[in-house]
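Descriptive analysis of the structure
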Amino acid sequence: MTEATTTGMRVLLIEDQRDIAANIWDFLERRGHEVDHCGDGATGLARALAGGFDVIVLDLGLPRLDGLELCRRLRAAGRGVPVLMLTARDTLEDKLRGFAEGADDYLVKPFALRELEARIRVLLRRGRGHGQRLCHGPLAYDADTLSAEREGRRIALTRLQGALLDALLREAPRIVSHERLIDAAWGRAGADTAALQTQVYELRQLVDKPFARPLIHAVRGVGYRLMEQQ
Ligand code: CA
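1. Regarding the pattern of salt bridges
Tallied over the full model, the rule gives 19 salt bridges. For Arg64, the salt bridge is made with Asp40, and the minimal N-O distance between the two is 3.2 Å. Highlighted residues: Arg64 in the loop between strand E3 (55-59) and helix H4 (67-76) and Asp40 in the loop between strand E2 (34-38) and helix H3 (41-50), separated in sequence by 24 residues. Note that Arg180 and Glu171 form a salt bridge whose closest N and O atoms lie 3.4 Å from each other. Given the relative accessible area of 47%, Arg180 is considered partly exposed. The class of Glu171 is buried, set by a relative accessible area of 17%. Here the residues in one salt-bridge network are Glu15, Asp59 and Lys109, joined through shared partners.

This is the structure in structure tokens:
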């Protein structure tokens, strides 16, 4: 994605800490983006449901309605807008819960503002999709609706899960390395193999676990491949 298409982003910032909100707001506006701010979860959800935003920057701990519940309700209402969650709590459990509720990425406070902007760019780039349905065996993926389909069952994915499945399907049944998967899902923002493992685990829970035969296979120390078992 070029610089030109990511300036002038419309960002909804839902953050109750005034100093943090003011910093983010100032920074993003100076970078040419349009920022709308809400200081509590209930107002934030109403604003998010009203729509018109390219991305939502969402604090986890909020008065009136916490970030996880806000995200859950937003996704339950069918809104696919990218969500970047902010939190002071750097625990695996919070990350998993955030992703389970439909957050697309996660940033731990304190963070550099440039990092925030970089992550937002990745989310928007990832969200463009390819407008193409990818299939292998019983599994199909549609980037436009962020959904997979297997044996007649429709499976909603997060943007991150969609990016991983997209990369696996494009190469299936070939092996896709850890590095390529990280690049496909996180871009230049990067991630470690533990974060990748976590996401692939979540993806397998959705597209493999409910079915008789697994399609996504780990290739120890190398990567993952999507293939039908012999
Ligand atoms: Ca907070």
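2. Details of the nonpolar core
By size, the foremost hydrophobic cluster in this structure holds 32 residues, and its most contacted members are Leu165 and Leu226. Sorting the residues of this core by element identifies strand E7 (139-142), helix H7 (159-171), helix H8 (178-186), helix H9 (193-207) and strand E12 (223-226) as the ones contributing at least two each. The biggest single contributor to this core is H7, with seven residues.

3. Structural notes on the coordination of the calcium ion
Listed as protein donors to the calcium ion are Asp16 (OD), Asp59 (OD) and Gly61 (O); their distances from the metal cover 2.1 to 2.3 Å. Taken in chain order, the donor set of the calcium ion reads D-x42-D-x1-G. Separated by 45 residues along the polypeptide, Asp16 in the loop between strand E1 (10-14) and helix H2 (18-30) and Gly61 in the loop between E3 and H4 bring together distant segments of the chain. Gly61 sits in the partly exposed class, given a relative accessible area of 37%.

4. Quick word on unusual backbone geometry
Geometrically, the link from Lys109 to Pro110 is a cis peptide bond, its omega value of -5° lying close to zero. By secondary structure assignment, the location of Pro110 is in the loop between strand E5 (105-108) and helix H6 (113-126). The linkage connecting Ala172 with the following residue, Pro173, adopts the cis geometry, with an omega of 5°. Mapped onto the elements of the fold, Pro173 is located in the loop between H7 and strand E10 (175-177). A positive phi is found at Arg64, a non-glycine position, where the angle reads about 75°. Given the relative accessible area of 66%, Arg64 is considered exposed. You will see that Glu151, though not glycine, has its phi angle at about 45°, which is positive. Take Glu151: it is sitting in the loop between strand E8 (147-150) and strand E9 (153-156). Using a relative accessible area of 53% as the deciding quantity, one classes Glu151 as exposed.

5. Some details on the packing of H3 against H4
One can describe the packing of H3 onto H4 by two numbers: an axis separation of 10 Å at closest approach and a directional angle of 25°. Put simply, H3 runs roughly parallel to H4. In this structure, H3 meets H4 at a crossing whose hand is right-handed. The residues of H4 that touch H3, namely those facing Gly41, Gly44, Leu45, Ala48 and Leu49, are Leu70, Arg73 and Leu74. For the contact of H3 with H4, the per-class residue count stands at five nonpolar, two polar and one charged.

6. A few points about the sheet that holds E7
Read across the open sheet, the four strands follow the order E6-E7-E8-E9; overall the sheet is antiparallel. Among the strands making up the open sheet, the edge pair consists of strand E6 (133-136) and E9. Between one strand axis and the next, the sheet turns through 20° on average, direction left out of account. The strands touched by H7 within the sheet are E6, E7 and E8, with E7 carrying the most contacts at an inclination of about 125°. Seen against the sheet, H9 touches E7, E8 and E9 and runs at an angle of roughly 155° to E9.

What counts and what doesn't
Residues numbered from 1 in each chain as written. Predicted model: local features only at pLDDT ≥ 70, side-chain atom pairs only at ≥ 80, totals over all residues. Heavy atoms only, no water. Salt bridge = Lys/Arg side-chain N within 4 Å of Asp/Glu carboxyl O. Helix = DSSP H or I, 4+ residues; strand = E, 2+ residues; numbered from the N terminus. Buried < 20%, exposed > 50% of the residue type's maximum accessible area, 1.4 Å probe, protein only. Core = buried A, V, L, I, M, F, W, Y, C linked by side-chain atoms within 4.5 Å. Donors = N, O, S within 2.8 Å, 3.2 Å for Na, K, Ca; no water. Axes fitted to C-alpha atoms, helices over the stretch in contact; angles between N-to-C directions. Parallel < 35°, antiparallel > 145°, perpendicular 65-115°, else oblique. Left-handed = near helix turned anticlockwise from the far one by under 90°. Contact = heavy atoms within 4.5 Å. Nonpolar A, V, L, I, M, F, W, Y, C, P; charged D, E, K, R; others polar. Pairing = 2+ DSSP bridges.

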